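Here is how the chains run, residue by residue.
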2 protein chains.
Amino acid sequence: MNEIESSLPQVRGPADHSVREQIVLAAGEHFSRYGYDKTTVSDLAKAIGFSKAYIYKFFDSKQAIGEAICAATLDTVVAAVDEALAGASTPTEKLRILFKTLVTTSVSLFFNDRKLYDIAANSAGEGWPSAIAYGQRIRQTLVEIIREGRQAGEFERKTPLDETVHVIYLVMHPYVNPLLLQHNLDLVDDAPTQLSNLVLRSLAP
Amino acid sequence: MNEIESSLPQVRGPADHSVREQIVLAAGEHFSRYGYDKTTVSDLAKAIGFSKAYIYKFFDSKQAIGEAICAATLDTVVAAVDEALAGASTPTEKLRILFKTLVTTSVSLFFNDRKLYDIAANSAGEGWPSAIAYGQRIRQTLVEIIREGRQAGEFERKTPLDETVHVIYLVMHPYVNPLLLQHNLDLVDDAPTQLSNLVLRSLAP
DNA sequence: CAAGTGACCATTTTAGGTTATAGTCACATC
DNA sequence: GATGTGACTATAACCTAAAATGGTCACTTG
């Protein structure tokens, strides 16, 4: 299970190199424990026994390392969603599970790995590639569910697929985007269910 | 048109007093020009020709003054919505106009009176009464529209009214709440229309 | 008693000099 | 050429003491 390189951050030097992996590994631990800001590039260098300058042979910037970690973090959310979806049968059920799992996994990340969550939130706020890629993957999952639901005759087929997906994503957006989600924690228990109901009603053929 | 006292902030002394109005007036100008933080209570006192201590005969705290200004600011949004709704005929149209006017007015506030907008955003983030009251007024407007639409046979009647209103408010929330809205500025052109369509489809009888 | 304030305190905010950090580069070693 | 680094700079983060601010209260004044 390679959860790291989903959206390539700006890399330098050989893309596949043991030192790069060491950097990412050390960054994962340090960022999670001390946070992005309180971790210095020198800290990471020291942790893997190299000089700070050598880090820059593999990453463009500290932010690029942050992107890698952020992408890996968001990948775990996507992985949780994919796993939950595997156990679902109908497209209707899948849509509910997608929404619910996305939120519960993100919220659990918020409470259990706050430092990593903060990186993701910042990433979303700044429009980093890792956050954009995350959004696109959720959208893609949505595309597949809707398409399947249309083929199964469960969902209406008049509206263009893109449009349907776009508006559903719009509904989910405040809960997909970590920056927004943290301001909606008081809604997290009911919103996925209720909004799924709303969306499904609007999808009725 | 009294736009000031919609949700009573913690007040002191006579609720109706020329000095209170002077304070609110001066605060409106100062907060709008210099921002909440950069305006000191002494500034307000100086502006109306009294001592700082006298201010506290009328307001519990600086925040209470901020609440008053925030309430007035949000009242202008509600007023714009009410005015726009007056020109609408069907409940369907009203729902669209409610959403659209709310967003455009808020966004215009964001760009034209940023300092006041920031107070509103902060208010929403901290759960100040002024922000809560604002949300409740939007909800109430929603209740009236849905009720009217149900009576007119335009909207379905099976779901409990509260539930329907709640979920629609949930959809609108990221655009009602100033704190969230400012992170959704790139969506404001399309979201109201598209989400209104979604909601209306789900309301079909 | 209503209107109004100067003096006061605890807590923030600010200003600035100092340190720490991100990022580069010329150079060394193998 | 691949691996690796110490020394360097510009900028950002971090102090800390002084100033400013929110808020109170005993006290005038009419």
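Thresholds applied
Residues numbered from 1 in each chain as written. Chains lettered and ligands numbered in written order. Predicted model: local features only at pLDDT ≥ 70, side-chain atom pairs only at ≥ 80, totals over all residues. Near = placed C-beta within 6 Å. Helix = DSSP H or I, 4+ residues; strand = E, 2+ residues; numbered from the N terminus. Nonpolar A, V, L, I, M, F, W, Y, C, P; charged D, E, K, R; others polar. Domains from an automatic or database assignment. Contact = placed C-beta atoms within 7 Å. Axes fitted to C-alpha atoms, helices over the stretch in contact; angles between N-to-C directions. Parallel < 35°, antiparallel > 145°, perpendicular 65-115°, else oblique. Least-squares fit on C-alpha atoms with pLDDT ≥ 70 in both. Expected span 1.5 Å × (residues − 1). Buried ≥ 20, exposed ≤ 12 C-beta atoms within 10 Å, placed from the backbone. Arc of directions from axis to C-beta. Core = buried A, V, L, I, M, F, W, Y, C linked by C-beta atoms within 7 Å.

Per an unreviewed UniProt entry, chain A goes by TetR/AcrR family transcriptional regulator and derives from Pseudomethylobacillus aquaticus.

A.B. asks: What is the right way to look at the protein's contact with DNA strand C in this model?
C.D. replies: Neighbouring residues of DNA strand C: 14 residues in total, closest T40(A), A53(A), S61(A), K62(A) and A53(B). Every element with two or more residues in the surface near DNA strand C is listed here: α2 (41–48), α3 (52–55) and α4 (62–86) of chain A together with α3 (52–55) of chain B. Split into classes, the residues belonging to the surface near DNA strand C amount to seven nonpolar, five polar and two charged.

A.B. asks: What should I look at first to understand the protein's contact with DNA strand D in this one?
C.D. replies: Around DNA strand D sit 14 residues in total, of which A53(A), T40(B), A53(B), S61(B) and K62(B) are the nearest. Only α3 of chain A together with α2 (41–48), α3 and α4 (62–86) of chain B provide two or more residues apiece to the surface near DNA strand D.

A.B. asks: Mind showing me how you'd approach the domain arrangement of chain A here?
C.D. replies: Interface size, as often reported, equals the accessible area lost upon joining of the parts. All names here are of chain A. Taken domain by domain, chain A holds domain 1 (18–60) and domain 2 (66–203). Spacing between the C-alpha centres of domain 1 and domain 2 amounts to 30 Å. Between domain 1 and domain 2, the contact holds eight residues from the first and nine residues from the second. Across the side of domain 1 that touches domain 2, the residue classes tally to four nonpolar, three polar and one charged.

A.B. asks: How should the packing of helix α8 (residues 161–176) of chain A against helix α10 (residues 191–203) of chain A be read in this particular structure?
C.D. replies: When two helices pack together, you describe them by how their axes are tilted relative to each other and by the distance separating the axes. All names here are of chain A. Close contact between α8 and α10 brings their axes to 11 Å; oriented N to C, the two are set at 175°. Relative to α10, α8 is oriented roughly antiparallel. For the pair α8 and α10, contact is made by I168, V171 and Y175 and by A191, P192, L195 and V199, respectively. Class assignment of the residues belonging to the contact of α8 with α10 gives a composition of seven nonpolar, no polar and no charged.

A.B. asks: Help me out: how do you make sense of the relation of the copies chain B and chain A in this one?
C.D. replies: The operation linking the two copies of the chain is a rotation about an axis combined with a translation along the axis. In the superposition of chain B on chain A (RMSD 0.1 Å, axial shift 0.0 Å), the rotation amounts to 180°. Expressed as a symmetry operation, the mapping of one chain copy onto the other fits a two-fold axis. Relative to the rotation axis, the C-alpha of S202(B) is the closest in chain B, positioned 2.2 Å from it. Most of the interface of chain B is mirrored in chain A: 100% of its interface residues are interface residues there too.

A.B. asks: I keep staring at helix α5 (residues 91–112) of chain A and nothing clicks. Help me out?
C.D. replies: Structural remark: α-helix, 3.6 residues per turn; residues separated by three or four positions point the same way. All names here are of chain A. For α5, with 22 residues, the first-to-last C-alpha span of 31 Å sits near the 32 Å given by 1.5 Å per residue. Taken residue by residue, α5 has P91, K94, L95, L98, F99, L102, V103, S106 and L109 as its buried positions. Each buried residue of α5 lies within a common arc of 155° when the element is viewed along its axis, so the set occupies one face. Exposed side chains of α5 directed beyond 90 degrees from the buried face belong to F111 and N112. Its buried side turned inward, α5 meets α4, α6 (114–126), α7 (129–151), α8, α9 (178–181) and α10.

A.B. asks: Honestly, the interface of chain B and chain A in this entry has me stumped. Any pointers?
C.D. replies: Between chain B and chain A, the contact holds 14 residues from the first and 14 residues from the second. Of all the elements in the fold, those that place two or more residues in the side of chain B that touches chain A are α8 (161–176), α9 (178–181) and α10 (191–203) of chain B. Of the residues forming the side of chain B that touches chain A, the biggest block, six residues, is contributed by α10(B). Of the residues in the side of chain B that touches chain A, the class split is ten nonpolar, three polar and one charged.

A.B. asks: Explain the nonpolar core to me, please; I cannot follow it from the model alone.
C.D. replies: In this structure, I23(A), L102(A), I23(B) and L102(B) are the most contacted members of the largest nonpolar core, which totals 105 residues. With nine residues, the single largest contributor to this core is α4(B). L102(A) has contacts with V77(A), V81(A), I138(A), Y175(A) and V176(A), leaving out every residue within four places of it along the chain.

A.B. asks: I would appreciate a short explanation of α6(A) in the present structure.
C.D. replies: Residues and elements named next belong to chain A. With 13 residues, α6 ought to run about 18 Å at 1.5 Å a step, and its terminal C-alpha atoms sit 18 Å apart, in line with that. The set of residues buried in α6 consists of L116, Y117, I119, A120, A121, S123 and A124. Buried positions along α6 lie against α1 (18–34), α4, α5, α7 and α9. Phi turns positive one or two residues past the end of α6, at G127, with a value near 65°.

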